[in-house]
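Working through the structure, step by step
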Amino acid sequence: MSEEAAAPAPTAHLPRYFRNDAEISRRDPYKQLIASLNRLITDHPPHRIPPGGGLYYGPISIAYLFFALHKIYPDLTLDEFPMNTWSAAYIEQAQANIKQYSGPTPSKCGVSDDIMALLALYAATAKDPDTVKDLCNFAAVTIEEDPDASNEWLYGRAGYLYLLRLIRRSFLEDKETLELIDDTADEVIETIMESPRPWKWHGKAYVGAVHGAIGIITQIVLTDPSWAPKLEAELGALLSYQYDGGNFPSSLPPGRDRLVQFCHGAPGVISSLISIKKYFPNLKERIDRVIAKGRECIWERGLLTKEPCLCHGITGNALALEGKEFEHFLTYTTGHEIKSMGKDGMLAKSDDPSSLWCGEAGRAWAWAVADKELEKRFLGYNDI
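Going by an unreviewed UniProt entry, the protein chain carries the name Lanthionine synthetase C-like protein-like protein 1 and comes from Zopfia rhizophila CBS 207.26.

**Observations concerning the confidence of the model for the protein chain**
Counting all residues, the mean pLDDT for the protein chain is 95, and 97% of those residues have values of 70 or more. Across residues 1–11, confidence stays below pLDDT 50; counting only partners more than four residues off in sequence or on other chains, it has 27 contacts.

**Section: the side chain of His328**
Mapping His328 onto the fold places it in helix α15 (residues 323–330). Residue classification places His328 among the buried residues on the basis of a relative accessible area of 1%. At 3.1 Å, the side chain of His328 and the backbone nitrogen of Ser25 are in polar contact. Those residues within four positions of His328 in sequence are excluded, and the remaining contacts are Asn20, Ala22, Glu23, Ile24, Ser25 and Trp299.

**Comments concerning helix α5 (residues 114–126)**
If you check α5, its first and last C-alpha atoms are 18 Å apart, about what 13 residues at 1.5 Å a residue would give, namely 18 Å. Taking burial as the measure, the 13 residues of α5 include ten buried ones, the bulk of the element. Every buried residue belonging to α5 is among Asp114, Ile115, Met116, Ala117, Leu118, Leu119, Ala120, Leu121, Ala123 and Ala124, and all of these are buried. Residues of α5 that are buried make contact with α3 (59–72), α4 (83–96), α6 (129–137) and α8 (157–168). You can read the cap of α5 off the contacts: a side-chain oxygen lies 3.3 Å from the backbone nitrogen of Ile115, and it is on Asp113. Phi turns positive one or two residues past the end of α5, at Lys127, with a value near 50°.

**Describing the UniProt feature "binding site: Zn(2+)" (unreviewed entry) in the protein chain**
When the UniProt feature table is mapped to this numbering, "binding site: Zn(2+)" (unreviewed entry) covers Cys263, Cys311 and His312. For this annotated set, covering 50 residues, all C-alpha atoms fall within 6.3 Å of each other, a compact arrangement in space. Within the secondary structure, Cys263 is located in the loop between β4 (251–252) and α12 (266–276). Within the secondary structure layout, His312 lies in the loop between α13 (284–301) and α14 (314–318).

**A word on the packing of helix α10 (residues 213–223) against α12**
Look at α10 against α12: their axes get within 10 Å of each other, and the N-to-C directions meet at 20°. With respect to α12, the element α10 is oriented roughly parallel. As for how α10 packs across α12, the hand of that crossing is left-handed. Packed against α10, whose contacting residues are Ile214, Ile217, Thr218, Val221 and Leu222, the element α12 presents Val269, Ser272, Leu273, Ser275 and Ile276 at the interface. By residue class, the composition of the contact of α10 with α12 is seven nonpolar, three polar and no charged.

**Let's talk about unusual backbone geometry**
Here the bond from Arg197 into Pro198 is cis, since omega is -5°, no more than 30 degrees from zero. Of the consecutive residues Leu252 and Pro253, the connecting peptide bond is found in the cis state with omega at -5°. With respect to the helices and strands, the residue Pro253 is situated in the loop between β4 and α12. The phi angle at Asp79 is positive, at roughly 50°, despite the residue not being glycine. Tracing the sequence through the fold places Asp79 in the loop between β1 (77–78) and β2 (81–82).

**Focus on α12**
Most of α12 is tucked away: ten of the eleven residues are buried. Inspection of α12 places Ala266, Pro267, Gly268, Val269, Ile270, Ser271, Ser272, Leu273, Ser275 and Ile276 among the buried residues, and these make up the whole buried set. Here the buried face of α12 lies against α10, α11 (228–239), α13 and α14.

**With respect to the pattern of salt bridges**
Here the structure, examined in full by the defined rule, presents 13 salt bridges. For Arg39, the salt bridge identified is with Glu360, shortest N-O distance 3.1 Å. Residue Arg39 is found in helix α2 (residues 29–43), and its partner Glu360 is found in helix α17 (residues 360–372); the two are separated by 321 residues along the sequence. Arg39 sits in the partly exposed class, given a relative accessible area of 22%. Measuring nitrogen to oxygen at the nearest pair gives 2.4 Å for the salt bridge that ties Arg197 to Glu234. Here Glu234 lies in helix α11 and Arg197 lies in the loop between α9 (175–194) and β3 (205–206), a separation of 37 residues in the sequence. Classification of Arg197 by relative accessible area gives partly exposed; the value is 33%. When salt bridges that share partners are traced, they join Arg39, Glu307, Glu360 and Arg363 into one network.

Each value, and the rule that gives it
Residues numbered from 1 in each chain as written. Predicted model: local features only at pLDDT ≥ 70, side-chain atom pairs only at ≥ 80, totals over all residues. Heavy atoms only, no water. pLDDT = per-residue confidence, 0-100. Contact = heavy atoms within 4.5 Å. Helix = DSSP H or I, 4+ residues; strand = E, 2+ residues; numbered from the N terminus. Buried < 20%, exposed > 50% of the residue type's maximum accessible area, 1.4 Å probe, protein only. Polar contact = N/O pair within 3.5 Å; in protein donor to acceptor, adjacent residues only side chain to side chain. Expected span 1.5 Å × (residues − 1). UniProt positions renumbered as here; feature names shortened; annotations may be inferred. Axes fitted to C-alpha atoms, helices over the stretch in contact; angles between N-to-C directions. Parallel < 35°, antiparallel > 145°, perpendicular 65-115°, else oblique. Left-handed = near helix turned anticlockwise from the far one by under 90°. Nonpolar A, V, L, I, M, F, W, Y, C, P; charged D, E, K, R; others polar. Salt bridge = Lys/Arg side-chain N within 4 Å of Asp/Glu carboxyl O.

Okay, structure coming up:
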């Protein structure tokens, strides 16, 4: 996913964001969660979801939402079926198309890889050690020397680290399997750390959460906090890239200050910093200042005209905020508000309207976070 793919340019007449000048308001998060989930299964039933996308978009991404929601709402049903049954239905759609999935390579081994995502979700659900071995065996592929190898989260080795964390928490009582997972993570982290700096994706040194340095640092530290001291200088340098207005550049050298969204800009950097700052005590004051300044930017420029989603929309920007500001941003992600913006010609439609990171499934996740007052985390990125 290039910068252009992650953040499609608005049409000539559409601004990137609209003014945040309405009175602060909120919606009932549980009511909105149920409405969002009903839209998801009605407008995007399992058999209509095109295959592909891993945890990022497509049927596995929606299955992962329902997998996560089942843990939070074990008694919740939709059309009389519990969340884990819905998860299984979307997984079945992914498995029916498994022959279309090419499998991981050094340049495509992140959370968007379907084979690895399927293995991780099955291992976590069934608590099956043999599937863990299958997933860990892919380390041999991902750490191969390859000039096109990727280290970022969406397509690269950092995303593989997330999948290893996902399965790890299902085997905390299984010492042998736990050691295999940790040994595999060590191998992957060492390969990332030995890679030339700056880390690049498609020839560019990205800064943000999806393709860039902050995403890689976050996945390493959440997987194994003992690496934090060795990444302190790198993180300190990254903090210095913040623009005076609070945003961050998409890539280096810094260009125009344009994108305020999770994938390329302050929201992704801020959300990442919040989840890892406890591991960098020497940088605490700097990180706190960066977060405060970044949130000011998001509050001013974060009501985006792209369809609300986690990756490049209002939903992801909301999760970088707190309290009433978080709740206020979410009011612009309701079904009614999206329809209204569409009628007003103020909405750039999503290419993946059902998905976890680009559509309805991600909006449902944010409403669940609001309803249960969970930590503001991104499912598939820093929730584990």
